[in-house]
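Structural characterization, general
Here is how the chains run, residue by residue.
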Amino acid sequence: MIAVLKHGTTPDQVSHLVGWLKRMNLDVHVSEGQEITVLGLIGDTSRVDMDLLKSLEIVETVKRVSEPFKQANRKFHPKDTIIQIGDVRIGGGYFVMIAGPCSVESEEQIIEVARSVKESGAHILRGGAFKPRTSPYAFQGMKGEGIRLLELAKQETGLPIITEIMNINDLPLFENVDVIQVGARNMQNFDLLKELGKTRVPILLKRGLANTLQELLMSAEYIMSEGNEQVILCERGIRTFETYTRNTLDLSAVSALHELSHLPVVVDPSHATGKAKLVPPMAVAAAASGADGIMIEVHNNPACALCDGAQSLTPAQFDDLNHRVQRVREAIL
Ligand code: PEP
Ligand code: MN
């Protein structure tokens, strides 16, 4: 981090500021020019309040030259992180297809979908048990019973399971869950992130509806700073002025996140578009962009789905999509 001081700052003021910064465990490199003085702050500057520093009377500008996220940062960890989920690996060239319904609705539904997506080549089964719905009157998920049914589907098919947590008090119910999802709405629920950081379960962290990539990486940092390094980032569309699609899929996020971080990146074209017709082309595009995985909502009867039917593919549509994604993967290798 670099702080440029205002013209006319006295040596006393400089040493006062330098002393304050040093008390934050930083090394300060002072460079005095004819006109201005520049301070180079060396060390862990993630704790420095940039706005506070900027607001000081003698400070002209402050610029970060290193990102505030450390553990998620590729600069400090150049090799791709590979996360092991049962027999499945993700990241560093390993690609996973995650598929399943938005919500677990019944034993028949989840078992039927699990069998069919497995047959088509999916590696992980998804299904929401705790649902973050915009309306309190909408179906809220089967909760603990939903997780039990996912476990049953796991026993039946051997597929590892991923499901969303909304409240840390529910964590004991997630004992047999292979990947815990943090949904877009909870991306900045910092207490939840910190508690998940104390577990050793892989976490799929979805980008918030209106969050920047740096904010997503800072949220990953919350989990990692507590000791859980198994974080998978997920681009699921962001809110823009466009209303034709549910969200706007930011595919440049895949390359940008790969540049900034060593963590695997998954794309969810279902929530990004909200329209089943747009899901296959965006899944293919996500594969072409180098994503480490794709998450697709699949329902055995989308017209009757209790949640997100409009964006859900039938098992046959998923089968077709999966073949196309595999062909793209082979083409870009
Ligand atoms: C989901 O995956 O079911 C979900 C609720 O997604 P998001 O948090 O991205 O809206
Ligand atoms: Mn959904």
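Residues numbered from 1 in each chain as written. Chains lettered and ligands numbered in written order. Predicted model: local features only at pLDDT ≥ 70, side-chain atom pairs only at ≥ 80, totals over all residues. Heavy atoms only, no water.

Another aspect to go through is the packing of aromatic side chains. For the structure shown, the criterion picks out 2 aromatic pairs. Both rings, one in Phe-130 and one in Phe-174, keep their centres 6.1 Å apart while their planes meet at 20 degrees; by these two values the pair is stacked. Linking Phe-130 in the loop between strand E8 (124-126) and helix H4 (143-157) with Phe-174 in the loop between strand E9 (161-164) and strand E10 (179-182), this pair joins segments that are 44 residues apart in sequence. A relative accessible area of 7% places Phe-130 in the buried class. Relative to Tyr-222, the ring of Phe-190 has its centre 4.4 Å away and its plane inclined at 25 degrees; by these criteria the two rings are stacked. Of this pair, Phe-190 sits in helix H5 (residues 190-197) while Tyr-222 sits in helix H6 (residues 213-224), and the two are 32 residues apart along the sequence. On the basis of relative accessibility, which here comes to 29%, the residue Tyr-222 falls in the partly exposed class. Lying across the ring of Tyr-244, Lys-275 places its NZ or CZ 4.0 Å from the centre. (Phe/Tyr/Trp six-rings, centres within 6.5 Å; stacked < 30°, edge-to-face > 60°. Helix = DSSP H or I, 4+ residues; strand = E, 2+ residues; numbered from the N terminus. Buried < 20%, exposed > 50% of the residue type's maximum accessible area, 1.4 Å probe, protein only. Lys NZ or Arg CZ within 6 Å of the ring centre and 35° of its normal.)

You can see Asp-250 is positioned in the loop between strand E12 (231-235) and helix H7 (252-260). With residues up to four places along the chain from it excluded, the contact list for Asp-250 reads Arg-207, Glu-235 and Ile-238. (Contact = heavy atoms within 4.5 Å.)

With that out of the way, let us pick up the pattern of salt bridges. Summed over the entire model, instances satisfying the criterion amount to 12 salt bridges. Residues Arg-246 and Asp-308 are paired through a salt bridge, measuring 3.1 Å at the closest nitrogen-oxygen approach. Placement of the pair is Arg-246 in the loop between E12 and H7 and Asp-308 in the loop between strand E14 (293-297) and helix H10 (315-332), with a sequence separation of 62 residues. Overlapping salt bridges, with partners in common, bring together Arg-207, Glu-235 and Asp-250 in one network. (Salt bridge = Lys/Arg side-chain N within 4 Å of Asp/Glu carboxyl O.)

With distances of 2.0 to 2.4 Å, the protein atoms coordinating the manganese ion (ligand 2) are Cys-102 (SG), His-271 (NE2), Glu-297 (OE) and Asp-308 (OD). Binding-site remark: the manganese ion (ligand 2) is held by donors from one chain whose sequence spacing is C-x168-H-x25-E-x10-D. Remark: Glu-297 occurs in strand E14 and Cys-102 occurs in the loop between strand E7 (96-100) and helix H3 (107-120); sequence separation between them is 195 residues. With respect to class, Cys-102 is no different from Glu-297; both count as buried. (Donors = N, O, S within 2.8 Å, 3.2 Å for Na, K, Ca; no water.)

Below, the discussion takes up the site of ligand 1. In the vicinity of ligand 1, the contacting residues are Arg-126, Lys-131, Pro-132, Glu-164, Gln-181, Gly-183, Ala-184, Arg-185, Lys-206, Arg-236, His-271 and Glu-297. With respect to ligand 1, the side chain of Arg-126 contributes an N or O atom lying 2.8 Å from an oxygen atom. Separating an oxygen atom of ligand 1 from a side-chain N or O atom of Lys-131 is a distance of 2.8 Å. Across the complex, the protein chains shield 97% of the 290 Å² of accessible surface that ligand 1 would expose by itself. A breakdown of the residues in the shell around ligand 1 according to their chemical character gives 2 nonpolar, 3 polar and 7 charged. (Near = heavy atom within 4 Å. Polar contact = N/O pair within 3.5 Å; in protein donor to acceptor, adjacent residues only side chain to side chain. Areas by Shrake-Rupley, 256 points an atom, 1.4 Å probe, with all protein chains shown as cover. Nonpolar A, V, L, I, M, F, W, Y, C, P; charged D, E, K, R; others polar.)

Counted at 1.5 Å a residue, the expected span for H10 with its 18 residues is 26 Å, and the 26 Å between its end C-alpha atoms agrees. Taken together, the buried positions of H10 are occupied by Phe-318, Leu-321, Asn-322, Val-325, Val-328 and Arg-329. One side of H10 holds all its buried residues, which, seen down the axis, span an arc of 125 degrees. Facing away from the buried side of H10, by more than 90 degrees, are the exposed residues Ala-316, Arg-327, Glu-330 and Ala-331. Contacts from the buried residues of H10 go to E7, H3, helix H9 (279-288) and E14. (Expected span 1.5 Å × (residues − 1). Arc of directions from axis to C-beta.)

With that out of the way, let us pick up unusual backbone geometry. Even without being a glycine, Lys-143 presents a positive backbone phi close to 55 degrees. Structurally, the position occupied by Lys-143 is in helix H4. For Lys-143, a relative accessible area of 39% gives the class partly exposed. With a phi close to 60 degrees, Asp-308 is a non-glycine residue in the positive phi region. Owing to a relative accessible area of 18%, Asp-308 belongs among the buried residues under this scheme.

Let's shift gears to the sheet that holds E10. Hydrogen bonds between backbone atoms are what pair the strands of a sheet, whose relative direction is either parallel or antiparallel. With parallel pairing, 8 strands are arranged side by side around a closed barrel as E7-E8-E9-E10-E11-E12-E13-E14. Taking the axes of each pair of neighbouring strands and ignoring which way they run, one obtains an average angle of 25 degrees across the sheet. Sheet contacts for H4: E8 and E9; angle to E9, the most-contacted strand, approximately 165 degrees. (Pairing = 2+ DSSP bridges. Axes fitted to C-alpha atoms, helices over the stretch in contact; angles between N-to-C directions.)

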